[in-house]
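Coordinate inspection notes
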Amino acid sequence: MKFAYRFSNLLGAVYRQGNLNFSRDGNVVISPVGNRISVFDLKNNTSETLPFSTTKNITCVGLSPDGSLAIVVDEDGAAVLVSLITRAILHHFHFHKPVSSIRFSPDGRKFIVTKENVALMYHAPGKKREFNAFVLDKSYYGPYDETTCIDWTDDSKCFVVGSKDMSTWVFGAERWANLIYYSLGGHKDIVVGCFFEKDSLDLYTVSQDGTLCVWESDTELDGLILKKSQDKPKLPRQGEEEEEEESEERDMVEGEEGEVIRGKVETAKEREKKKNVRYKMMSKHFFNKEGDFNNLTAAAYHKPNRILVTGFASGIFHLHELPEFNLIHSLSISDQRIASVAINSSGDWIGFGCSRMGQLLVWEWQSESYVFKQQGHFNNMASLAYSPDGQYIVTGGDDSKVKQGWETPGLKGRCPAVWNTNTGLCFVTFTEHTSSVTNVTFTSSGFVIVSASLDGTVRAFDLHRYRNFRTFTSPRPAQFSSLAVDASGELVSAGAQDSFEIFLWSMQTGRLLEVLAGHEGPVSCLCFSPVQSVLASCSWDRTVRLWDMLDSWQTKETLPLTSDGLAVTYRPDGQELAVATLNGEISFWNPHTATQNGSVAGRHDLQTGRKETDKITAKQSAKGKSFTSLCYSADGESVLAGGQAKFVCIYNIKEQMLIKKFEISCNLSFDAMEEFLDRRKMTEFGSLALVDEGAGDGDGVSISLPGVRRGDMSSRHFKPEIRVSSLRFSPTGRSWAATTTEGLLVYSLDGSLVFDPYDLDLDVTPASIRKQLRLQEWASAIVLAFRLNEKALKQEVLEKVPHEQISVVCGSLPDIYVEKLLGFIATCLEKSGHLQFYMTWAQNLLMLHGQKLKNRSGAILPTLQALQKSIQRHFDDLSKLCDFNMYNIRYAVALSKQRGLKRAAEEETEDQEEEDEELSEEMSEASLEDVEMML
């Protein structure tokens, strides 16, 4: 049960390449991230990564009109049909060539795929089960170069295809008599977008040099005539043939000349109706009139609102109203090339993807505000850390970013970032570092993040005010490669990779307390004991030193290693130490007696692949590979190890054996993924895979610097190597995370995968459990349910216990089942709506068994942290709802007061008017009486 982990989410990357799509309701953005698909819910502010992956990076995604199906195509043309409802793969298909675009027809019956210079029309998969979901209907030839874009008419009768040969081709989806194909010119550069007008054959085409052509058709959609099928006539018999000829002659004679003339007139009308569709260029507009803008790279058109959105290589986008070409809005949202543009169904939100920086933005153009803005690490992630309650993850990368959430687009600073594990989104980014961030960690309070960098500083960030409140430096400039904070949060230590020293600072004062010298090589890793003031330092000098923080910072013990030390970590209870060395071994030590308890040889478990530039085989190169990151599980029974390979291994410490291997990626777009190179690509001059055949992004191509291996951004063609740079287990014990070349991968515990009973007996059956429920033996039913250990049955038993009986049942439970019940309540509370019910269970368990649980606090700490995380999540949700309701109530009260005052004022005016009328009537009567008296 404890090793039934499965991939749950991909953080740290929101967009790589390909086209963006909005859902049918316009509230969800579907973004390709490497070889996976991420779904961002803009209303609920959450993200999810679909549980499937392709063999290479995704280049285009086609969404069905009802939003239930998606066709995902990778760089090689391998396609996957996916249900967005069940998140399951329905069909695999291969187009055998790279696909440039894919588009469903508005009626959902067909879809067009463009590859090279051909447009292929397929029957769309239906709701019925089919042996072959992709059935080719027609192939359309016309362009001489690669196709770039597609658009359909609203009634699915015709479609248009743009090409790199600067031409646009209109094709009929059916066999129309007056429209087979039509070619349009007028451009001097690659056609980026082509769009039909709403319910019309009129066209707009946009090219890369910033030119818009408006085309008008002389035929409406209703004017398209279906070509009659030319069926072969049946051969009649001899007798029937003679009768038909006689009847035809008789008719011609009876009708005389009138029938013949009428036939000629009908033929002329038919010819007039069958006149071919023709286009005329009405106008031509230019975006870069002043020459301020670079190449136009992406375009999208919203037909109901007639709004054209264009993105440029300089990061600027324009909004124009067509066909008048009136500029509505213009804004620079990034300093990088805009690779994809999409508009939602209502036309209010516009999605932008920038592949260079990994940015995904959603802009509301009417209010001129961001709805969504996220940016991942645009270079390798180097480290991560969980917060003590498991709700947040902080990451640091080679792009010098420390991230924790919402990030400013176009940010070029050096910064850590923090991600919310519930929503999967980044909500704060710190920009103070000026070089690569090598390590990050949380303090025990969970409100302070500490990061070390190669810029020679260690910085502390406050999560309440989102500011850098401490900066620690060394007397001489040093590049810090390791970091650790003690359990109290008072001591901060960092190891230097050039001076071989360890620096110790006070968090309260920011002063340098001590410089620990003794290592004869670079300090690769630091770790504080969770229960004592002891610092463990691992170095390339083949030693692990234990420093006593209470005894004048002296070396307490020195542990000799068989090879260079790369990583060190303490067990959660502080009673064991795990060390990874350069020879691929993991050794386990007792920190009190300085004796080795055991070791694991894990070099062969890494299973490294062969890079395209390697001159030796993968088996030989594996001898130089090792684990670079270690992490204990929350219960301390196993250790998680990862390194320069695509596998993460879990070892059982007691048995000293491999339990499970997780393949973090199957993306062949990365280097060192396959054990053997493709011999078909090998020539006498070298590998063909090293030849760059790409044409670049169109905004300038730079030659990569010689010797650069870690992602030179000026490189036109870069194939990163797959690796795991950091691993961490969640304090709740229900998930673990890894920073890899692909991003931040989160694996969560899946209890539905394994049947794991506890103390199972023949009498423990669902029938016997339900019998105890009918007899109202609540405690006995709970014990039996936890012995069988089926989640649905345990939940059923718990929710049938009357509310007033909860305290009695909690008091009568055996001690061993109290911990199990508390862990199950923490799991249920995370997603259940019965908040008060499960909170009552948790409160009674903690009140009645608090002392016994306190004595075993180390063992049940992950359970308590999971319970705290669930309660905190509900607290945040409810507090937002309550605040929103309070604002609404205040608004309603203020509105009612305003209306009351208005009503009172109206009543006063009415009373005044009545008084004035009465007074005027009295005066008029008095004046009449005066006149009568005078008369």
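Residues numbered from 1 in each chain as written. Predicted model: local features only at pLDDT ≥ 70, side-chain atom pairs only at ≥ 80, totals over all residues. Heavy atoms only, no water.

The name an unreviewed UniProt entry assigns to the chain is PWP2 small subunit processome component, from the organism Maylandia zebra. Word for word, the UniProt comment on the chain under Subcellular location (unreviewed entry) is "Nucleus, Nucleolus". You can read under Sequence similarities (unreviewed entry) in the UniProt record for the chain the words "Belongs to the WD repeat PWP2 family." (UniProt positions renumbered as here; feature names shortened; annotations may be inferred.)

Looking only at helices and strands, the chain has 11 helices and 59 strands in total. Per-residue burial for the chain yields a buried fraction of 50% across its 935 residues. In the chain, the share of contacts with a sequence separation of at least 24, taken over all contacts with a separation of at least 6, comes to 50%. Per element, the accessible surface of the chain, about 46400 Å² overall, is 49% carbon and sulfur. (Helix = DSSP H or I, 4+ residues; strand = E, 2+ residues; numbered from the N terminus. Buried < 20%, exposed > 50% of the residue type's maximum accessible area, 1.4 Å probe, protein only. Contact = heavy atoms within 4.5 Å. Areas by Shrake-Rupley, 256 points an atom, 1.4 Å probe, with all protein chains shown as cover.)

Moving on: the sheet that holds strand E40 (residues 491-496). The strand order E39-E40-E41-E42 describes an open sheet built from 4 strands, whose pairing is antiparallel. For this open sheet the edge positions go to strand E39 (480-485) and strand E42 (512-516), each flanked by a neighbour on one side alone. Across the sheet, the axes of successive neighbouring strands diverge by a mean angle of 20 degrees, strand direction being ignored. As paired elements, E40 and strand E41 (residues 502-506) share 5 bridges and run antiparallel to each other. Each residue of the ladder has a partner; that of leucine 491, found in E41, is serine 506. (Pairing = 2+ DSSP bridges. Axes fitted to C-alpha atoms, helices over the stretch in contact; angles between N-to-C directions.)

Evaluated as defined, the whole model comprises 21 salt bridges. Here arginine 571 makes a salt bridge to glutamate 576, at a shortest N to O gap of 3.8 Å. Residue classification places glutamate 576 among the buried positions, given a relative accessible area of 6%. Across the salt bridge formed by glutamate 796 and arginine 770, the nearest N and O atoms sit 3.1 Å from each other. (Salt bridge = Lys/Arg side-chain N within 4 Å of Asp/Glu carboxyl O.)

Here the focus is helix H5 (residues 778-788). Of all 11 residues that make up H5, 10 are buried, and the element is covered over most of its length. Regarding H5, the residues found buried are Trp778, Ala779, Ala781, Ile782, Val783, Leu784, Ala785, Phe786, Arg787 and Leu788. Lining the buried residues of H5 we find helix H4 (766-774), helix H6 (791-800), helix H7 (806-812), helix H8 (815-831) and helix H9 (835-848). After H5 finishes, the residue asparagine 789 shows a positive phi value of roughly 60 degrees.

Taken together, the side chains of Glu906, Glu907, Glu908, Glu910, Asp911, Glu913, Glu914, Glu915, Asp916, Glu917 and Glu918 present a region of like negative charge at the surface. Tracing the sequence through the fold places glutamate 907 in helix H11 (residues 857-934). (Patch = residues over 30% accessible without salt bridge, like charges linked within 9 Å, V, L, I, M, F, W, Y side chains within 5 Å. Lys, Arg positive; Asp, Glu negative; His and termini not counted. Charge placed at Lys NZ, Arg CZ, Asp CG, Glu CD.)

Following leucine 322, the chain continues into proline 323 via a peptide bond in cis, with omega recorded as 5 degrees. Along the chain, the position of proline 323 falls in the loop between strand E24 (316-321) and strand E25 (326-332). We note that asparagine 45 has phi near 60 degrees; this positive angle belongs to a residue other than glycine. Within the element layout of this structure, asparagine 45 appears in the loop between strand E4 (36-41) and strand E5 (46-49). In this structure, glutamate 116 takes a positive phi of about 50 degrees despite not being glycine. Assignment of secondary structure puts glutamate 116 in the loop between strand E11 (110-115) and strand E12 (118-123). For glutamate 116, a relative accessible area of 40% corresponds to the partly exposed category.

Taken in spatial order, the 4 strands make up an open sheet running E1-E59-E58-E57, and their pairing is antiparallel. The open sheet terminates on both sides in strands that have one partner only, identified here as strand E1 (5-11) and strand E57 (724-729). Averaged over neighbouring strand pairs, the angle between their axes works out to 20 degrees when direction is ignored. Here 5 bridges tie E57 to strand E58 (residues 735-740), and the two strands are oriented antiparallel to one another. Residue pairing for E58: serine 726 is matched across the bridge by threonine 739.

Attention now goes to the packing of H4 against H5. Put simply, H4 and H5 touch, their axes get as near as 8 Å, and they point 160 degrees apart. The angle between H4 and H5 falls in the class roughly antiparallel. Regarding H4 and H5, the two cross each other, and that crossing is left-handed. The residues of H5 that touch H4, namely those facing Pro766, Ser768, Ile769, Gln772 and Leu773, are Trp778, Ser780, Ala781, Leu784, Ala785 and Leu788. (Parallel < 35°, antiparallel > 145°, perpendicular 65-115°, else oblique. Left-handed = near helix turned anticlockwise from the far one by under 90°.)

Another aspect to go through is the UniProt feature "repeat: WD" (unreviewed entry) in the chain. Taking the UniProt record as the reference, the feature "repeat: WD" (unreviewed entry) is found at residues 184-216, 374-403, 430-471 and 516-549. Spanning residues 184-216, this segment combines 0% helix with 55% strand, and its end C-alpha atoms are found 11 Å apart.

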